[in-house]
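# Chain and residue survey
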Amino acid sequence: MSDALLEEFIRQNTEAQTQPEILFTWHGGEPLLLPIIYYARALELQQKYAHGRHIDNCLQTNGTLLNDEWCQFFREHNFLIGISIDGPEPMHNTFRQDFEHTLRGIRLLQKHGVEWNAMATVNSRNADNPIEFYHFFKDLGCKYLQFTPVVERTNPQQALESVAQDSKEWTKNASITTESVEPLQWGRFLTGLYDEWIKEDVGSIFVQLFDATLANWVGQPPGLCSMSALCGLSPALQPDGSLYSCDHFVFPSYKLGNIHHQTIAEMMYGQQQQRFMRTKVDSLSQRCRECAYLFACHGECPRNRFLSGNENYLCEGYRMFFRHVSPTMNFMAQELAAGRAPSNVMGMS
């Protein structure tokens, strides 16, 4: 991204915000391939256009390029760093092969007092060991844990890029990859990890999916797009200035335009993006609409709605999870309503 484009993006993004606090997320590929001076310039531009508003930055990385200089910079400027790590070494190295370097990066962040969290993918190889998975992060000192299910499809007859151009034709011959987590496997992973977390870590270790579930249980915004009622709040900007509806839909038919020709505000409030936002509701399957747990997941991410009748591939796993956690979620919701701490759930017999 050129300096001119960086400035245009920061100017437009800050001007488009209506809240006193603004968050910039640096993600996609490996952000640390860019030099520190790039982010120093970004901070300078943020202050130029902040006009008194508070700006935070978070950056997602595999951590392999972290060194003392990077960590000092992040600590000085209060960056939140997300580390991509999929569990202990055998789990992580199944697909990534960089565990030792990633762990070294985490130790450097801890050494310099940089706030960090973990972002893990849950796949067919690590999903059967939720307790080992959880205790790895707990023993590592991770206080904020995010994870996302791997659901990927392949079509030997057509390239992946064609899915957005002719999704029905592409889906006809598509199959789930061996790396993808199975629906009930996902449900068992969530329930197993939840049972371990709720024993003694509520309020001290924050698991994004569990926090989002509780938020939906009490009618608050979940802070997680896949569990929100509407999509479209996480657009993706490409190095050429192209803006896409979502970072899961960076395909030609989801391109909103280019910030060289339209403002971010114009594109985000435009008809195309408004239609995209409504798709999450409008494309719900009949089973979803009748589900007792629709309030808890809102049909989850539309990218996973590829089964017959627009069913979500992970639906059975989520239903298993929501049924399992209902008693404790109800208890925590009641505690919140009474002005007490949800962590009191740990005292339940």
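Residue positions within a chain follow its written sequence, with the count starting from 1. Where local features are concerned, this predicted model is filtered to residues with pLDDT of at least 70; where side-chain atom pairs are given and counted, the filter is 80 or more; whole-chain, interface and lining totals use all residues. Side-chain numbers here rest on the full set of heavy atoms in the structure, without hydrogens or water.

### Some points on the pairing of strand β4 (residues 116-122)
Looking down a regular strand, the side chains alternate between one sheet face and the other. A simple rule labels every residue: compare its accessible area, found with a 1.4 Å probe on the protein chains alone, to the largest value its type can have, and call it buried under 20%, exposed over 50%, or partly exposed in between. Think of it this way: any DSSP run of H or I at least four residues long counts as a helix, any run of E at least two long counts as a strand, and we number them from the N terminus. Across the seven residues of β4, six count as buried, placing the element largely inside the fold. Pairing of strand β3 (residues 80-84) with β4 involves four bridges; the strand directions are parallel. Pairing of G82 across the sheet is with N117, part of β4. Each pair of strands is called paired provided DSSP finds at least two bridges between the two strands. Across five bridges, β4 lies against strand β5 (residues 144-149) in parallel orientation. By the bridge assignment for β5, A118 is matched with L145. In this fold, β4 hands off to helix α6 (residues 130-140), which returns the chain to β5; that crossover is right-handed. Handedness of a crossover is defined as follows: orient the strands so they point away from the viewer, and if the path from the first strand over the helix to the second runs clockwise, the crossover is right-handed.

### Focus on α6
Within α6 the residues assigned to the buried category are P130, F133, Y134, F136, F137 and L140. Buried residues of α6 fall within an arc of 155° about the axis and therefore sit on the same side. Contacts were defined at the residue level, with two residues in contact if any of their heavy atoms lie within 4.5 Å. Buried positions along α6 lie against α4 (89-92), α5 (99-111), β4, β5 and α8 (183-200). Count one or two residues on from α6 and you reach G141, which has phi positive near 90°. It is the directions from the helix axis to the C-beta atoms whose arc is reported.

### Remarks on the sheet that holds strand β10 (residues 242-244)
Sheets are built from strands that pair by backbone hydrogen bonding, the pairs being arranged parallel or antiparallel. Reading across from one edge, β9-β10-β11 is the order of the three strands in this open sheet, with antiparallel pairing throughout. The outermost strands of the open sheet, each flanked by one partner alone, are β9 (236-237) and β11 (255-258). Two strands pair when backbone bridges link them, and β9 and β10 are joined in this way by two bridges, in the antiparallel orientation. Counterpart to A236 in the pairing with β10 is Y244.

### Structural notes on the sheet that holds strand β8 (residues 206-207)
Strand order in the open sheet formed by six strands is β1-β2-β3-β4-β5-β8, and the pairing between neighbours is parallel. If you trace the sheet from one side to the other, it starts and ends with β1 (21-26) and β8, each paired once. Judged from the four bridges that link them, strand β2 (residues 54-61) and β3 form a sheet pairing that is parallel. The residue bridging L59 from the neighbouring strand is I81, located in β3. The angle between two axes is taken between their N-to-C directions and runs from 0 to 180 degrees, where each axis is a line fitted to C-alpha atoms and a helix contributes only its stretch in contact. Sheet contacts for helix α1 (residues 3-16): β1 and β2; angle to β1, the most-contacted strand, approximately 145°.

### Description of the pattern of salt bridges
We define a salt bridge as a side-chain nitrogen of Lys or Arg found within 4 Å of a carboxyl oxygen belonging to Asp or Glu. With the rule as written, the count across this model stands at 15 salt bridges. With a shortest N-O distance of 3.7 Å, E7 and R41 are connected by a salt bridge. With E7 in helix α1 and R41 in helix α2 (residues 36-50), this pair connects stretches of sequence that are 34 residues apart. Residue R41 is classed as partly exposed on the basis of its relative accessible area, which comes to 24%. The closest approach of N and O atoms between E7 and K48, which form a salt bridge, is 2.8 Å. Of this pair, E7 sits in helix α1 while K48 sits in helix α2; the two residues are 41 residues apart in sequence, bridging distant segments of the chain. For E7, a relative accessible area of 18% translates into the label buried.

### Topic: the confidence of the model for the protein chain
For the protein chain, per-residue confidence averages 92 on the pLDDT scale, and 95% of positions sit at 70 or higher. The predictor attaches a confidence to each residue, and that confidence, scored 0 to 100, is pLDDT. Predicted confidence for residues 160-166 stays below pLDDT 50, and this span has eleven contacts to residues more than four positions away or in other chains.

### Describing the nonpolar core
Within this scheme, the nonpolar core is defined by two criteria: the residues are buried Ala, Val, Leu, Ile, Met, Phe, Trp, Tyr or Cys, and they are joined through side-chain atoms within 4.5 Å. W26, F74, F147 and W186 are the most contacted members of the largest nonpolar core, which has 86 residues in total. It is α2 that contributes the most residues to this core, eight residues altogether. Excluding its chain neighbours within four sequence positions, the residues that come into contact with F147 are M119, A120, V122, F133, W186, F189, L190, L193, V207 and L209.

### Focus on the environment of S2
With respect to the secondary-structure elements, S2 resides in the segment before α1. Overall, S2 belongs to the partly exposed group, its relative accessible area being 43%. Once the C-alpha coordinates of S2 and Y38 are considered, the two residues, 36 residues apart in sequence, prove to be 9.8 Å apart. For the purposes of these results, a polar contact is taken to be a pair of N or O atoms within 3.5 Å, where, inside protein, one atom must be able to donate a hydrogen and its partner to accept one; residues adjacent in sequence count only when each atom of the pair is a side-chain atom. Within the structure, S2 has its side chain in polar contact with the backbone nitrogen of L5 (distance 3.1 Å).

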